[in-house]
Amino acid sequence: MNKTPRLLLVSIVPPRNDCGVRIVMHRHLVERAPFDLHVASNADFADGLLIHTQLRLPYPIHRLKPVDGIAITAEVWEEAHHFHFEELRQHVRLAHGMGILQGLRVLPSDPADTAVYVEPGMAADNEGNLIVVPQAVWFDFDETFGPLRLTLSYGESEPRSGLNAGDPSLLYVTSAFSIEAHPTPPDTPHIELARVHRSSRSAPVRAAAQPDAPHTDEIDLRYRRELQPLTQSAR
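It should be emphasised that the depicted structure is a prediction, and the values quoted were computed from it without experimental measurement. (Residues numbered from 1 in each chain as written. Predicted model: local features only at pLDDT ≥ 70, side-chain atom pairs only at ≥ 80, totals over all residues. Heavy atoms only, no water.)

1. Re the sheet that holds strand E9 (residues 115-118)
Taken in spatial order, the 3 strands line up as E8-E9-E12 in an open sheet, and their pairing is antiparallel. Two strands lie at the open edges of the sheet, namely strand E8 (106-108) and strand E12 (137-140), each paired on one side alone. Averaged over all pairs of adjacent strands, the angle between their axes in this sheet comes to 30 degrees, without regard to strand direction. Relative to E9, E8 runs antiparallel, the two being bridged by 3 bridges. Paired with Val 106 across the bridge in E9 is Val 118. (Pairing = 2+ DSSP bridges. Helix = DSSP H or I, 4+ residues; strand = E, 2+ residues; numbered from the N terminus. Axes fitted to C-alpha atoms, helices over the stretch in contact; angles between N-to-C directions.)

2. Describing the pattern of salt bridges
Where charged atoms from two side chains of opposite charge come close, those side chains can pair. In the structure shown here, the tally under the stated rule is 6 salt bridges. The shortest N-O distance in the salt bridge between Arg 89 and Glu 127 comes to 3.5 Å. With Arg 89 in helix H1 (residues 74-96) and Glu 127 in the loop between strand E10 (121-124) and strand E11 (130-133), this residue pair connects regions lying 38 residues apart in the sequence. A relative accessible area of 15% places Arg 89 in the buried class. For Glu 127, a relative accessible area of 36% gives the class partly exposed. Linking Arg 149 and Glu 192 is a salt bridge whose minimum nitrogen-to-oxygen distance equals 3.3 Å. Here Arg 149 is found in strand E13 (residues 146-156), whereas its partner Glu 192 is found in strand E15 (residues 191-198), with 43 residues between them in sequence. Each member of the pair, Arg 149 as well as Glu 192, carries the same accessibility label: buried. Three or more residues joined by partner-sharing salt bridges are found here, namely Arg 149, Glu 192 and Arg 195. (Salt bridge = Lys/Arg side-chain N within 4 Å of Asp/Glu carboxyl O. Buried < 20%, exposed > 50% of the residue type's maximum accessible area, 1.4 Å probe, protein only.)

3. Focus on unusual backbone geometry
With an omega of 5 degrees, the peptide bond running from Asp 110 to Pro 111 counts as cis. Assignment of secondary structure puts Pro 111 in the loop between E8 and E9. Phi is positive for Leu 104, close to 65 degrees, though the residue is something other than glycine. Along the chain, Leu 104 turns up in the loop between strand E7 (99-103) and E8.

4. Considerations on the packing of aromatic side chains
Using the criterion set out here, one finds 1 aromatic pair in the structure. Summarising the aromatic geometry, the rings of Phe 139 and Phe 141 are spaced 5.2 Å apart at their centres and angled 80 degrees between planes, so their arrangement reads as edge-to-face. A residue is classified by how much of its surface remains accessible, and Phe 139, at 14% relative accessible area, is buried. Sitting above the plane of the Tyr 223 ring, Arg 195 keeps its charged end 3.7 Å from the centroid. (Phe/Tyr/Trp six-rings, centres within 6.5 Å; stacked < 30°, edge-to-face > 60°. Lys NZ or Arg CZ within 6 Å of the ring centre and 35° of its normal.)

5. Notes on the side chain of Arg 89
There is a polar contact of 3.1 Å between the side chain of Arg 89 and the backbone oxygen of Glu 127. Among the polar contacts made by the side chain of Arg 89, one reaches the side chain of Asn 129 at a distance of 3.5 Å. (Polar contact = N/O pair within 3.5 Å; in protein donor to acceptor, adjacent residues only side chain to side chain.)

6. Some remarks on the sheet that holds E13
Taking strand neighbours across the sheet as the criterion, the 3 strands line up as E14-E13-E15 in an open arrangement whose pairing is antiparallel. Edge strands, defined here as strands with exactly one partner in the open sheet, are strand E14 (175-182) and E15. Neighbour-to-neighbour, the strand axes of this sheet turn through a mean angle of 20 degrees, independent of strand direction. Here E13 pairs with E15 via 7 bridges, running antiparallel. Among the inter-strand pairings, Leu 148 is bridged to a residue of E15, identified as Val 196.

Structure (structure tokens):
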């Protein structure tokens, strides 16, 4: 059965001024015949000029310009900060990628039981969210058994007050995380910390005697994606 190939498009947009060509830094997978002429951009083209796909960029391209007398409402403040928040997320996603940045080792209890410990650390999910685990976390598999994946995901609290002693009425949103065990990968963005195939509800979880070939009821770290630190460029 023949399938239409998926092409990676990176578009070059005609300039609107005399400064040269603008390149839209956006990758776009489409299903098309490989030799069809096709343009994908976030620019406005005249109807019928070329086969054209209007791109929806994954981050905002408009930045609020402050001027004297502007009314700083909650909506304006949120919009201004949202731009920088999305810029940071895209930097993390494109420059570092998804994976574990530091720490987050998964260790068994001593003596071994149904729980494990996740060490403090930091990771980035595939949406560019930085997930910070500030202190060791105890996680109990309890009576869950079978093939399991221990995952870490990003979250945020509801806006709440009382965190600022100077003005208790101010609302804050706190970055949070969750650690869960799933038999299959969850549909939501997540980082895999470890796997374990528990043989029974009461089976203790142990460190792998051979990390390259863990057995049943042993912590499997082979599928962790650990990011290497960016090396400093040579001068």
